[in-house]
Amino acid sequence: AQAPLVKFNDGNEIPQLGYGVWQVEDEVAEKVVGLALDAGFRHIDTAKIYGNEEGVGRALAASSVDRNDVFITTKVWNEDQGYDEALAAFDASLKRLGIEELDLYLIHWAAPHRGKYLETWKALIELQKSGRVKSIGVSNFPEKELREIIEATGVTPAIHQIELHPYFNQAELRKVNDELGIKTEAWSPLGQGGEILKDETVLKIAEKHDATPAQVVVAWHLAIGNVVIPKSVTPDRITENFDALGVSLDSEDVEAINALSREDGRLGPDPADMD
Ligand code: NAD
């Protein structure tokens, strides 16, 4: 099986299902990214702040899968925001990853109070022009800051990576992304492995499709058009999550999971406050 490709507004494509490595130690990353590639994942989501770009790079170098067949995302950390700072942070990330060219570079958080997201976005535009990164996007941007960088530069992010899972489904921000021609990518798509995987509605749908709860949640993301990057360091679960590609939900299943979203479902920081 292969993940479907999602087309960006810049013409490039991203595998809809990827593998995330937040909270994975550098040495562990080398091993589990290898397992993820073996399972079929061709899209890896890391960040400078995860401290495992080198491990991801070593896994890529060691794998029999060609580097050009793997989509790599990394992100500028908040402290590296600013024009020159972001350019330098990009060089350092590529060096750690051991690659010449990156597939996707994201601003990790808008961090509105720092007031540097626009200068940082201008640096990413420059990097894309230079050809060293194919696509550029953002993560954790409130609607206001998202519209502001587009209006100021005329360049629309290819993708917006946001917290998104059945208990916090971001219907409004997804609509904004859609209207602007930005793809939506879900972080903590399994709700960090919490309550959602024990939710009665999810369990029922899992039983109906002879699938696991995690597969049902991943299948829901795929069905509503999200790019999705579940994380696991457990070999069986890595395979299980990739095999969610084979689970196709009915519209009534999707509707039932859509209805689980809650006002207070957010797990991470609010992007408007994060610094
Ligand atoms: P997740 O929602 O992917 O949940 C991961 C956890 O779920 C695992 O640690 C495990 O406990 C459990 N799990 C995974 N597969 C399972 C399975 N098949 N069965 C049962 N339990 C399972 O959480 P996440 O790591 O927070 O998010 C995924 C990725 O999103 C990250 O690794 C990272 O790449 C990205 N992310 C980005 C941001 C951002 O600010 N841009 C923030 C958080 C995460």
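Look above for the structure.
All of these numbers come straight from a predicted model, not from anything done at the bench.

Caption draft 1: Layout of the overall build of the protein chain. Counting its secondary structure elements, the protein chain contains 10 helices and 10 strands. Expressed as a percentage of the 275 residues in the protein chain, the buried residues total 54%. For the protein chain, long-range pairs separated by at least 24 residues make up 74% of all intrachain contacts whose partners lie at least 6 apart in sequence. Total accessible area computed for the protein chain in this model is approximately 12,000 Å², and 45% of it derives from carbon and sulfur atoms. Here the protein chain contributes 27 positively and 48 negatively charged side chains, and the mean placements of these two sets differ by 2 Å.

Caption draft 2: Molecular detail of the nonpolar core. One finds Tyr19, Leu102, Tyr105 and Leu249 to be the most contacted residues of the largest nonpolar core, which totals 75 residues. Every residue in contact with Tyr105, bar those within four places of it in the chain, is listed here: Thr74, Lys75, Val76, Ala86, Ala89, Phe90, Leu124, Leu127, Val133, Ser135, Ile136 and Gly137. Counting nine residues, the second-largest nonpolar core is a separate cluster that includes Val6, Phe8, Ile14 and Ala158.

Caption draft 3: Molecular detail of the site of the ligand. If you check the shell around the ligand, you find 26 residues, and the closest are Asp45, Asn140, Ser188, Leu190 and Asn241. Tyr50 is positioned with one of its side-chain polar atoms (N or O) 3.4 Å from a nitrogen atom of the ligand. At 3.5 Å, a side-chain N or O of Arg237 approaches a nitrogen atom of the ligand. Protein chains bury 89% of the 830 Å² of accessible surface belonging to the ligand in isolation. Given that more than half its atoms are within 2 Å of the pocket grid, the ligand belongs to the largest pocket.

Caption draft 4: Structural detail: the pattern of salt bridges. Under the definition given, this model contains 15 salt bridges. We note a salt bridge from Asp26 to Arg58, for which the minimum N-O separation is 2.9 Å. With a gap of 32 residues between them, Asp26 in helix α1 (residues 26–39) and Arg58 in helix α2 (residues 53–62) connect regions that are remote in the sequence. Looking at Arg58, the relative accessible area reads 31%, which means it is partly exposed. Shared partners join several salt bridges into a network, and the residues in it are Arg67, Glu101, Asp103 and Lys134.

Caption draft 5: Up close: the packing of helix α7 (residues 200–208) against helix α8 (residues 213–223). At their nearest, the axes of α7 and α8 sit 8 Å apart, and the two run at 95° to each other. Between α7 and α8, the angle is such that the two are roughly perpendicular. Taken together, the residues of α8 that come into contact with α7 (itself represented by Val202, Leu203, Ile205 and Ala206) are Pro213, Val216 and Val217. Here the contact of α7 with α8 is built from residues that sort into seven nonpolar, no polar and no charged.

Caption draft 6: A look at the environment of Lys95. With respect to the helices and strands, the residue Lys95 is situated in helix α3 (residues 83–97). Judged by relative accessible area, which is 72%, Lys95 ranks as exposed. Along the primary structure Lys95 and Phe41 are separated by 54 residues, whereas in three dimensions their C-alpha atoms are 23 Å apart.

Caption draft 7: The arrangement of helix α10 (residues 251–258) in detail. Within α10, burial applies to Asp253, Val254 and Ile257. All buried residues of α10 fall inside an arc of 100° around its axis, so they share one side. For α10, the exposed residues set more than 90 degrees away from the buried face come down to Ser251, Glu252 and Glu255. On its buried face, α10 is in contact with α7 and α8.

Thresholds applied
Residues numbered from 1 in each chain as written. Predicted model: local features only at pLDDT ≥ 70, side-chain atom pairs only at ≥ 80, totals over all residues. Heavy atoms only, no water. Helix = DSSP H or I, 4+ residues; strand = E, 2+ residues; numbered from the N terminus. Buried < 20%, exposed > 50% of the residue type's maximum accessible area, 1.4 Å probe, protein only. Contact = heavy atoms within 4.5 Å. Areas by Shrake-Rupley, 256 points an atom, 1.4 Å probe, with all protein chains shown as cover. Lys, Arg positive; Asp, Glu negative; His and termini not counted. Charge placed at Lys NZ, Arg CZ, Asp CG, Glu CD. Core = buried A, V, L, I, M, F, W, Y, C linked by side-chain atoms within 4.5 Å. Near = heavy atom within 4 Å. Polar contact = N/O pair within 3.5 Å; in protein donor to acceptor, adjacent residues only side chain to side chain. 1 Å grid on protein atoms, 1.4 Å probe; cavity = no way out; pocket = protein on both sides within 12 Å on 5 of 7 lines; lining within 4 Å. Sits in = over half its atoms within 2 Å of the grid points. Salt bridge = Lys/Arg side-chain N within 4 Å of Asp/Glu carboxyl O. Axes fitted to C-alpha atoms, helices over the stretch in contact; angles between N-to-C directions. Parallel < 35°, antiparallel > 145°, perpendicular 65-115°, else oblique. Nonpolar A, V, L, I, M, F, W, Y, C, P; charged D, E, K, R; others polar. Arc of directions from axis to C-beta.

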